[in-house]
Amino acid sequence: MQITPPNPAGQIIIQSDQVVQKPSEYTLVGKGRSAFVFKDERYNTAVKVFFTQFADLAKQEGEIYKRLSGSPFFPEIYDVGPDFIVMEYIEGHTFYECLQKGIPITDDMIDKVDEALDFARSKGLNPSDIHLRNLIFTTDGAVKVIDVVRFTQDKKCRQWDDLKRGYHRFYKRLSLKKIPRGLIELIALYYKKVIVPLRSKELTD
């Protein structure tokens with residue numbers, strides 16, 4: 001049956017990147033650099049509400065999801081508003097949570113991400129900003145990619161290539177798959193402060 005989620009405009013009030021008001025049926029499930037994500041318990045949908053200064057990204061990301069529609073690797077989108085998008089809610093664990101909880105990340109999961117990104121490229125997009133929190137291993141064993149707002153940027157992004165390299169060189173050799181959050185964050189900080197500047201230099205040389 002087709003889901004017709006309610007239009008959330010005006011139901012959520014955000015001030016200074018903080019939630020001031022929301023419907024009781026909305027459960028906050030995430031906060032990123034530009035938006036909050038809620039689960040609408042009535043319809044089992046995800047409602048992404050952008051901060052005021054990033055409101056224009058709603059239309060941009062909504063158009064990208066529409067281009068990706070029909071792929072099993074991306075959530076379906078149901079509605080786009082002036083500062084929000086309503087889409088399919090994905091049950092599962094992010095790859096980041098998999099590392100924390102000791103849920104094995106397999107070669108097949110990595111291959112599925114590659115398939116998803118190849119599909120996006122076939123639609124004329126440039127997959128970018130692929131990180132552990134944007135990749136979900138679902139409860140039924142599938143892989144989904146979310147947060148696609150940067151898929152239209154021009155510059156080449158090496159982040160996924162670097163993650164795969166780390167997976168094959170280090171992760172697969174670990175006997176203990178459960179990795180403390182502090183260590184994950186330390187590696188992420190090193191990547192941001194050291195590797196990213198090196199990548200930028202490589203692209204400009």
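See above for the structure.
Structure report, in brief.

**Some details on the nonpolar core**
Item 1. Core analysis: the largest hydrophobic core is formed by 32 residues, its most contacted members being Phe74, Ile105 and Phe151.
Item 2. Only α1 (57–67), β7 (84–88), α2 (95–101), α3 (107–122), β10 (143–145) and α4 (159–169) provide two or more residues apiece to this core.
Item 3. It is α3 that contributes the most residues to this core, 6 residues altogether.
Item 4. Counting 10 residues, the second largest nonpolar core, distinct from the first, contains Ile12, Ile14, Phe38 and Phe84.

**Some remarks on the environment of Phe151**
Item 1. Inspection of the secondary structure assignment puts Phe151 in the loop between β10 and α4.
Item 2. You can call Phe151 buried: its relative accessible area is 0%.
Item 3. Residues Phe151 and Pro127, spaced 24 residues apart in sequence, show a C-alpha to C-alpha distance of 4.6 Å.
Item 4. Look past the residues within four positions of Phe151 in its chain and what remains in contact with it is Ile64, Phe74, Leu117, Ala120, Leu125, Asn126, Pro127, Ser128, Ile130 and Val145.

**Considerations on the sheet that holds β10**
Item 1. On the basis of which strands lie adjacent, the open sheet formed by 3 strands has the order β8-β9-β10 and antiparallel pairing. The sheet terminates laterally at β8 (92–94) and β10, the two strands that pair on one side only. With strand direction ignored, the average angle separating the axes of adjacent strands in the sheet is 30°.
Item 2. Here β8 runs beside strand β9 (residues 135–138); their pairing, made up of 3 bridges, is antiparallel. Residue pairing in the sheet places Gly92 in a bridge with Thr138 of β9.

Rules behind the numbers
- Residues numbered from 1 in each chain as written.
- Predicted model: local features only at pLDDT ≥ 70, side-chain atom pairs only at ≥ 80, totals over all residues.
- Heavy atoms only, no water.
- Core = buried A, V, L, I, M, F, W, Y, C linked by side-chain atoms within 4.5 Å.
- Buried < 20%, exposed > 50% of the residue type's maximum accessible area, 1.4 Å probe, protein only.
- Helix = DSSP H or I, 4+ residues; strand = E, 2+ residues; numbered from the N terminus.
- Contact = heavy atoms within 4.5 Å.
- Pairing = 2+ DSSP bridges.
- Axes fitted to C-alpha atoms, helices over the stretch in contact; angles between N-to-C directions.

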